[in-house]
Structures are given as structure tokens and as C-alpha cells.
Amino acid sequence: MEFICGWLLMLTTFVGGTTGAVENGLGLEMGSLMDTAKEGEFFEWMRSVRRRIHEYPELAFDEHKTSQTIRSELDSLDIEYSWPVAKTGVVANIGSGKQPWFSLRADMDALPIQELVEWEHKSKYNGKMHACGHDAHVTMLLGAARLLQNKRDELKGTVKLVFQPGEEGHAGAYHVLKEGALDDSQAIFGLHVAPEMLTGTIGSKPGPLLAGAARFSAVIQGKGGHAASPHLGKDPVLAASLAILALQQIVSRETEPLEARVVTVGFIEAGQAANVIPERVKFGGTFRSLTTEGLLYLQKRIRQFDEIKVIEMQAAVHKCSATIDFMEGKLMSYPATVNDEVMYEHAKSIGEVLLGQPNVHLIRATMGAEDFSFYSQKMPAAFFMIGIKNETLKHSGMPLHSPFFVLDEEVLPIGAALHAAVAISYLESHAVERH
């Protein structure tokens, strides 16, 4: 670790391409990675791969065609891989087959969204869309695979390429780890597209970056009736309203004001007629925290609401009954994504060499969630956002999960080169440290 810190200090002195990394040839090597990825044939290959994946989006653990595309490209590059991993995932290896082992990750799955962007490569599957950029994530990692394979005999260890299924709410990373696919990996790096950041920029922060998240739902059972005669019914709408207000007090009155926690009720289902009191109300939502401890506290308190009958008591005031479901058998909760400080500094410094210091940003933590968090619990991890905004493109800047989401494909060689450079430099530094 002492060597890593010293090496990073040396590397961060590289500004403008004149000192530090260049003196050791590292900056020049990184520059060559970017130049190669931006070459016409290389770039057109990546763009073609991305568009093929975009046309055939597949939901969590159903990414069979996507997986086949990945394996076909790896076969064409003569790269060995394991499949299936976590049902549809692929894990490839490049390098010596010996330690150190470093992992790069891309998620594969799409969303149940109808694409509304009219273009030549619009989704061919109704109701499914790559609206979170996972098609680009896969393509950038395949680009890194090609760059790394070209240097396979020079690698001072082994790079694992993790093409992971089921990120969108299904904890695919957990299942990849459960199968032991990364047991020998010492560290991991990942990228996610950011529509609010300009193409050519990246950003992250040390420590907590994304929230831990879980979900819950509640059902309040009443007795339906005519709206004109509420005294003859048992109104679950009023009971649900009071229960929702009670949930908000967990954050507003039990949480340190400077600590980020959220309890949000995202849906309420009741009746359909304005003049009818419904039989039941179902509502549910998410609770989040930037620390695993905070997430567990929120879960405990919501669970205590059930145990000590708080929601039931709110319901009982109006002669209703209530139950709570944390959906633990269907949707696994995600821990917070926490960047290891040394890994963060390592990736940040590489980004500064490739893109220039002004294009590497310190960003704020957000309450979004990502199953990359499972990797960050197991090993030193760094997760960075990569910009895809180009104001000359129609719909550019539309948020993730929007049916109008688009991305600037100029990001593809940038992500490929960054993946490869972070991996190569990690292996170089750790190989020297081992001697």
C-alpha cells in the first residue's frame, strides 16, 4: 500500500502531459489506449455493437441474446470466459492467469420502458428499452477487452471482465459473488453513464457515493361503501393517509438532520370511483441511506411499526386492519455503494491523465442505488460516473430511465480506454509492490 500511495502522488503531478506519469512512460501508454479506441475501425466496431444491443433490450436474468453477443465478440478476440454466471452473465479473463487479479464490471439488463426516441436503431422489443445506458456499459467493457487483449503478454497479472446480469432491482452482483466468480479478485472498477455530465468528463467521490435501498408495501383493509354514508363503512383511505404521515416522522424526527436518509411512499392504490369508499388500500415505497447502518435502522423502525402495531393502530382508529411486506423474498435490499479511498484516488489519477484534470470532477453523493455496492462490500472498489451529454443531440440530457433517454456514442472509446488504463496501471503497481 505504501508503494501505491507514493505512485499515486507521482501520477497526480501529471498535468498537461509533461511530467509524472509520462516520465515513466505510463502517460504515453494511456494516451495510446485512447488513440487506439478512437481510431475509425475500432470506434465503428464499438458503435455497431452498442446499437445491436440497444435494438434488442432484455430484462433482468433474461439477457440471453445480449449474452450471446458478448460471447461472440469475446470468441472473435480469442478471449477465454466462463458462462453462464448468475444465469446469463459472462466473466472473461485476460492476462497471465496469476495474481494480482483486477476486475472490471458492466451491467447488461434493460428496463420495462417503451422507447419513444425515433431513430434507426430504436428498440425492436415493445415495452423494453436500454434507458439506463447498460448497452453502452457492455460496449465499453468489450472495447476494453480488445485493448487489453492487444497487450495480454505485457499484463503484470490478470484482468477479469464481469458482464453482469440483473442490476435493475434484482441484485445480479450478489449472485455473481455468491457463485464465487470473483473470489480471487483483489479490487474492482465500474462505470455508469451520467446524462447530466458532458461527454469527455468523469466524476466520483471517495467514501459513500450511492445509497443503500430497500422496499416495502402495506395493505390496509377496510369496509367499502357509498361516499355519502361514510359512517356505514370503514375508510381505508383515511387510515392509509395517517399511516403514511407516521412513516415520514422516522426521518424528520429520528434522524440527524445532516445525515441523508429517505422514506418515500411511491404508490397508492385504492378505488376507481370518486363516490365510493374502497374495500382496501395498498401503498408502498422505498427507504434509503448512505450508510448500511442507516439502512438497517430504517428497516428496523419500519418493521417495528408493524411489530408494535403503529400502522395497525392508525388503521384500527378507523376500524381497519393492516399488514406490511418487505418483499425480501422477491427484491433484495442493496447496501450503500462506498468507494475505497485508495481505489478512488487510483482511478481519479488515471482519469486525470487520460482526460485532463479539469475533466475529472468531485461529485456529490446521491440517494440512487446500484448493486455495484455488493462488490464494494467484498473488495476495494471504485465506481465512477462518465458523461454522455452532447447538446447538439436531440433529447441529450434526458435523465436515466426516461423513454427519451439518449447518449453520445463518443463516450464509447473514452470508457473503453479508461477501463483498460485503470486495470493496466493497477496490475503494474501491484506487481512492483509484490517484488
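Residues numbered from 1 in each chain as written. Predicted model: local features only at pLDDT ≥ 70, side-chain atom pairs only at ≥ 80, totals over all residues. Heavy atoms only, no water.

**Some remarks on the confidence of the model for the chain**
Operational definition: A residue's pLDDT is simply how confident the predictor is in it, with values from 0 to 100. Here, two residues are considered to be in contact whenever any of their heavy atoms come within 4.5 Å of each other.
Of the residues in the chain, 90% have a pLDDT of 70 or more, and the chain-wide mean is 90. Confidence drops under pLDDT 50 across residues 1-23; counting only partners more than four residues distant or on other chains, this segment forms 39 contacts.

**Quick notes on the pattern of salt bridges**
Here is the rule we go by: Take a side-chain nitrogen of Lys or Arg and a carboxyl oxygen of Asp or Glu: if they are within 4 Å of each other, that pair is a salt bridge. Under the scheme used here, helices are H or I runs from DSSP no shorter than 4 residues and strands are E runs no shorter than 2 residues, and both carry numbers assigned from the N terminus. Think of it in three bands: with a 1.4 Å probe and only protein chains considered, a residue is buried below 20% of the maximum accessible area for its type, exposed above 50%, and partly exposed in between.
All told, the structure shown has 16 salt bridges when counted by the stated rule. Put simply, arginine 50 and glutamate 409 hold a salt bridge, and the shortest N to O gap is 3.1 Å. Of this pair, arginine 50 sits in helix α3 (residues 40-55) while glutamate 409 is found in the loop between β16 (381-389) and α12 (411-434), placing the two residues 359 residues apart along the sequence. Grouping residues by exposure puts arginine 50 and glutamate 409 together as buried.

**Focus on helix α7 (residues 236-254)**
The criterion, for reference: Take the residue count of a helix, subtract one, and multiply by 1.5 Å to get its expected span. What we call the bend at a residue is the angle made by axes fitted to the seven residues finishing there and the seven residues starting there. What qualifies as a polar contact is a pair of N or O atoms within 3.5 Å, subject to a donor-acceptor requirement within protein and to the restriction that residues adjacent in sequence count only when both atoms come from side chains.
Here α7 spans 27 Å end to end across 19 residues, near enough to the 27 Å set by a 1.5 Å rise per residue. When the local axis directions of α7 are compared, the greatest deviation, roughly 30°, occurs at glutamine 248. Here α7 has its buried residues at Pro236, Ala239, Ala240, Ala243, Ile244, Ala246, Leu247 and Ile250. Near the N-terminus of α7, the side chain that reaches the backbone nitrogen of valine 237, with its oxygen 2.9 Å away, is that of aspartate 235.

**Some points on the packing of α3 against helix α5 (residues 134-150)**
Definition in use: Think of each axis as a best-fit line through the C-alpha atoms, taken over the contacting stretch in the case of a helix, with angles from 0 to 180 degrees between the N-to-C directions. Crossings are classed by handedness, with left-handed meaning an anticlockwise turn of the near helix from the far one by less than a right angle and right-handed meaning a clockwise turn. Residues are grouped as follows: Ala, Val, Leu, Ile, Met, Phe, Trp, Tyr, Cys and Pro are nonpolar; Asp, Glu, Lys and Arg are charged; all remaining types, including Gly, are polar.
Packing of α3 against α5 brings their axes to within 9 Å, and their N-to-C directions diverge by 145°. For the pair α3 and α5, the crossing hand works out as right-handed. Note on element contacts: α5 touches α3 through Asp135, Ala136, Val138, Thr139, Leu142, Gly143, Arg146 and Leu147, opposite Glu41, Phe42, Trp45, Met46, Val49, Arg50, Ile53 and His54. Looking at the contact of α3 with α5, its residues break down into nine nonpolar, three polar and four charged.

**A few points about the sheet that holds strand β8 (residues 212-221)**
Adjacent strands of a sheet form backbone hydrogen bonds with each other and so pair up, either parallel or antiparallel. Going by this rule: Only strands joined by at least two bridges in the DSSP assignment are considered to pair.
Taken in spatial order, the four strands make up an open sheet running β10-β12-β8-β13, and their pairing is antiparallel. At either margin of the open sheet sits one strand with a lone partner, and together these are β10 (261-269) and β13 (321-325). Adjacent strand axes in the sheet meet at a mean angle of 20° when their direction is disregarded. In the sheet, β8 pairs with strand β12 (residues 280-289) via 10 bridges, with the strands oriented antiparallel.

**Things to note about the sheet that holds β16**
With mixed pairing, the eight strands of this open sheet are ordered in space as β1-β2-β4-β3-β5-β16-β6-β15. Two strands bound the open sheet, and with one partner strand each, they are β1 (80-85) and β15 (360-362). When the angles between neighbouring strand axes are averaged without regard to direction, this sheet yields 25°. Pairing of β1 with strand β2 (residues 89-95), which is carried by four bridges, proceeds in the antiparallel orientation. Looking across to β2, one finds that glutamate 80 is bridged to asparagine 93. Of the strands in this sheet, β2, β3 (101-107), β4 (158-164), β5 (187-198) and β16 touch α5, which is tilted by about 150° from β3.

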